[in-house]
Amino acid sequence: MSYWYDLICMGRIRSIFWTVFMGLLSCISAPCKPMQSPASTGPGLDLTRFHRESVVDTPHLSFLDSASAAIDFGGIFHHKPAAIFRPVEAEEIAGFLRAVYMSNKLDHQVDFTVSAKGAGHSIYGQAQARAPNGLVVDMRALRGIQIHNKYADVAAGELWADVLIESLKVGLAPRSWTDYLYLTVGGTLSNAGVSGQTFRHGPQISNVLQLDIVTGTGELLNCSASENEDLFYGAMGGLGQFGIITKARIILEPAPQRVRWVRIFYNDFEQFARDQELIVSMHNGVDYLEGFMILNSEAMHSWSVGFPTAKLPNESFVQGIGSQVHFCIEIAMYFTHHGTAHMDKVVGRVMSRLSFIPSSIFSADVSYFNFLNRVHAEELNLRSSGLWDVPHPWLNMFVPRSKIHQFTSNLTQIIPRHTFKGPILIYPVLRSKWNTNMSAVLPEDNEEIFYVVGMLRSADPHCSSGTSCMDNLLLQNQEIVDISTTMSELNVDNGIAATAKQYLPYYTSESQWKNHFGSKWEMFVQRKARYDPLNVLGPGQRIFKRKTRSTTHTQ
């Protein structure tokens, strides 16, 4: 039945997509004007294309395999689009969106919506688009990395792992990362991109000099802090609402060769938090910091999968930690091959200021690449046991410093400690490392320190969408969100609500989104009207409803 349904849809869609086809022809016959960089940031982005074998390297609309676009890492929602568009050039995306925008003026108008999808690591279907009018732009064929002395020009479909590999060839590397490297550049910049380097260098969006973006009207623009700056700031952390990022100029710095990777344990949350805040206040020494909540012995066993140390915890230590909630601080310090003796002194100096459980220090020296790629070892382990491609009802929050103890207490009361599977991250970052002109939403209390909390849960394979099991997990997430984002549960200082904010947010109503964006909401709405006036882009985020010709005429 699915086969015939696809054929019927294909016949209908072919006639509907005539406008899109004509738009693509017009782009081919009159190519979009190449973007030039502002003089302050150097020459234009001239990228060499590289194609993955698994991606078709000619731009086309595909109808029969559109189910592949309904799959993401979360595994919770599965919205199949009408078609997938696979471009290899930014100009093809511009022509495609221009045709969609212009179709609004025709008698046989269809209200298309368009989502850009990279590696498919969304949790709640944010990169999906629903048939019959939803289209997905598969960004993975948009390839190219050019390394320069102080920056890299990178196509949005590239994986961060490939950016690392290419830049290390000349002894350079980006300075801000995500924990998992097999994500696309365009995908993380549309959100923020956070990891253990964020306290030092800010999120990935704070380490970008320039973007090429196709707006919802099909205009291809070069953006920076000095040219089209409103779109530049809006797109970073903008959840794909104002345009599709096609290229990024990313800051590079000399890459370290080795990493001293250290883990220490705590049985007291207050001390765990104090020591993390002490570390972020140090002006030098520590280059990476993340903290973990360890709920059970299974979590303690799994922590060593990607951690190459000869000194492993003995069984009594593991069982002791598994009997009650413990916490782990993970830090990393970068050095060269010849700096081992100096690194010993640095580690000794840092450790002497911290109050962890005696004899609970574990360390290893690894290459810089292996450290940044550490989650891949866990991925391979989970794949080998069939536990990678399971639903992932994750919840990520930015929590005010003044509320982190209360938040953690609520968390442990809501989720079942002994059956929880997956890491829980809790670590501080610094507000001053973020550019507040960008769309990314932070707690509005103005404290310098706030916490990143990631509840990275893996569900059982049978716990699929629509089951009571999944419903229960999502209800737990919602309870945590409700408690932490409502003023009734939290104090208000000087008229400013010290509430937590979702990172990688999932909401379903305009009132929820308005509350999420807070003081940024009006600017967000204005930018949407400016760059995507028909609300074509990012339907999977569920922020704005698609506008029709009739609604635009009455406004």
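Just so we're clear, the structure is a prediction, and the values are computed from it rather than from any experiment. For every chain, the first residue of its written sequence is number 1, and the numbers climb from 1 along that sequence. Given that this is a predicted model, residues contribute local features only at a pLDDT of at least 70 and side-chain atom pairs are listed and counted only at 80 or more, while totals for whole chains, interfaces and linings are drawn from all residues. Computation of side-chain values: all heavy atoms of the structure, hydrogens and water removed.

**Q** What's the story with the sheet that holds strand S4 (residues 134–138) in this structure? I'm lost.
**A** Two strands pair under a simple rule: DSSP has to find at least two bridges between them. Helix and strand definitions here come from DSSP, where helices need a minimum of 4 consecutive H or I residues and strands a minimum of 2 consecutive E residues; each element is numbered from the N-terminal end. If you walk across this open sheet you meet the four strands as S1-S2-S4-S3, and the pairing is mixed. In this open sheet, the two edge strands, each paired with only one partner strand, are strand S1 (61–62) and strand S3 (113–117). With three bridges joining them, strand S2 (residues 83–85) and S4 adopt parallel strand pairing. Looking across to S4, one finds that phenylalanine 85 is bridged to valine 137. The strands touched by helix H3 (residues 90–102) within the sheet are S1, S2, S3 and S4, with S4 carrying the most contacts at an inclination of about 170°. By definition in these notes, contact holds between two residues if any of their heavy atoms fall within 4.5 Å. Think of each axis as a best-fit line through the C-alpha atoms, taken over the contacting stretch in the case of a helix, with angles from 0 to 180 degrees between the N-to-C directions.

**Q** So what exactly am I meant to see when it comes to unusual backbone geometry here?
**A** Across residues other than glycine, the phi torsion is negative in most instances, and most of the peptide bonds are trans. Geometrically, the link from alanine 131 to proline 132 is a cis peptide bond, its omega value of 15° lying close to zero. Residue placement: proline 132 occurs in the loop between S3 and S4. Positive phi outside glycine occurs at leucine 504, with the angle close to 55°. Among the secondary structure elements, leucine 504 is positioned in the loop between strand S20 (501–503) and helix H16 (510–517).

**Q** Just checking my understanding: could you explain the pattern of salt bridges for this structure?
**A** Close approach of charged atoms allows side chains of opposite charge to pair. Salt bridge, as applied in this entry: a Lys or Arg side-chain nitrogen positioned within 4 Å of an Asp or Glu carboxyl oxygen. Inspection of every chain in the model, using the stated rule, returns 19 salt bridges. Note that arginine 140 is salt-bridged to aspartate 138, the shortest N-O span being 2.7 Å. With its nearest N and O atoms 2.9 Å apart, the salt bridge here joins arginine 260 to aspartate 344. Of the two residues, arginine 260 sits in strand S11 (residues 258–266) while aspartate 344 sits in helix H11 (residues 340–351), which places them 84 residues apart along the sequence. Salt bridges linked by common partners bring Asp65, Arg86, Asp138 and Arg140 together as one network.

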